[in-house]
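As a plain string of letters, each chain reads:
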Amino acid sequence: QQQVKQSPQSLIVQKGGISIINCAYENTAFDYFPWYQQFPGKGPALLIAIRPDVSEKKEGRFTISFNKSAKQFSLHIMDSQPGDSATYFCAASAAGGGADGLTFGKGTHLIIQP
Amino acid sequence: DSGVTQTPKHLITATGQRVTLRCSPRSGDLSVYWYQQSLDQGLQFLIQYYNGEERAKGNILERFSAQQFPDLHSELNLSSLELGDSALYFCASSVGAGVDTQYFGPGTRLTVL
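Residues numbered from 1 in each chain as written. Chains lettered and ligands numbered in written order. Predicted model: local features only at pLDDT ≥ 70, side-chain atom pairs only at ≥ 80, totals over all residues. Heavy atoms only, no water.

S.K.: An account of the sheet that holds strand 6 (residues 56-59) of chain A is requested, with residue identities and associated values reported.
M.R.: Residues and elements named next belong to chain A. Within the open sheet, the five strands sit side by side as 1-3-8-7-6. Their pairing is antiparallel. Either end of the sheet is taken by a strand with one partner, and the two such strands are strand 1 (4-7) and strand 6. Recorded for the sheet is a direction-independent mean angle of 15 degrees between the axes of neighbouring strands. (Pairing = 2+ DSSP bridges. Helix = DSSP H or I, 4+ residues; strand = E, 2+ residues; numbered from the N terminus. Axes fitted to C-alpha atoms, helices over the stretch in contact; angles between N-to-C directions.)

S.K.: An account of unusual backbone geometry is requested, with residue identities and associated values reported.
M.R.: Here serine 7 of chain A and proline 8 of chain A are connected by a cis peptide whose omega angle stands at -5 degrees. Residue proline 8 of chain B follows threonine 7 of chain B across a cis peptide bond; omega there is -10 degrees. Structurally, proline 8 of chain B is set in the loop between strand 1 (5-7) and strand 2 (10-13). One non-glycine residue with positive phi stands out, namely leucine 72 of chain B, at about 80 degrees. In this fold, leucine 72 of chain B is placed in the loop between strand 7 (64-68) and strand 8 (74-78). The class of leucine 72 of chain B is buried, set by a relative accessible area of 17%. (Buried < 20%, exposed > 50% of the residue type's maximum accessible area, 1.4 Å probe, protein only.)

Written out as structure tokens, the structure is:
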């Protein structure tokens, strides 16, 4: 059972454009939604995270939009740069219980064309 | 560099064998998590330890086990290895449990021949 569905699988965006990756979840107990960025040969690194008590969080060029009623959240990368080319994973956990691993989406391979 | 270290970087072994992967968390972090990354299954949570105690279990096979030692380093033991166990194994650590940011190590690439 895939609890976090991520789309698209791959995405090509022109430099300066907006990259948008979407995720949907099923488990209503999830209360922590991070996005991770992974470069080839490296471990995932936290990009930005949101709790369900806010609908949007922005950090620099990265924004998470969260829709609790639809059980969906998305990552927007503004002014996308070639250095943003990487695999992006959304994730979720029922972290409020104090003990839970992350449930990851399948990942989106993002390519920013110069 | 996340501050999480994992050894070895690569491991090649044969089916039926047993291996041990090692993880040292960031200084001050009490929680250690193990994840498996494969092409077909993606990133999957295996198990979490907090200050030496098992805290949460994910999709960990019975052939796999882990422990966290008093110095907080952790080991993941994989036994009776099968071809399908070939994957990247990541360790992550966080200060506490729950909403704390998980910092991932560079991973151990396991190849079972």
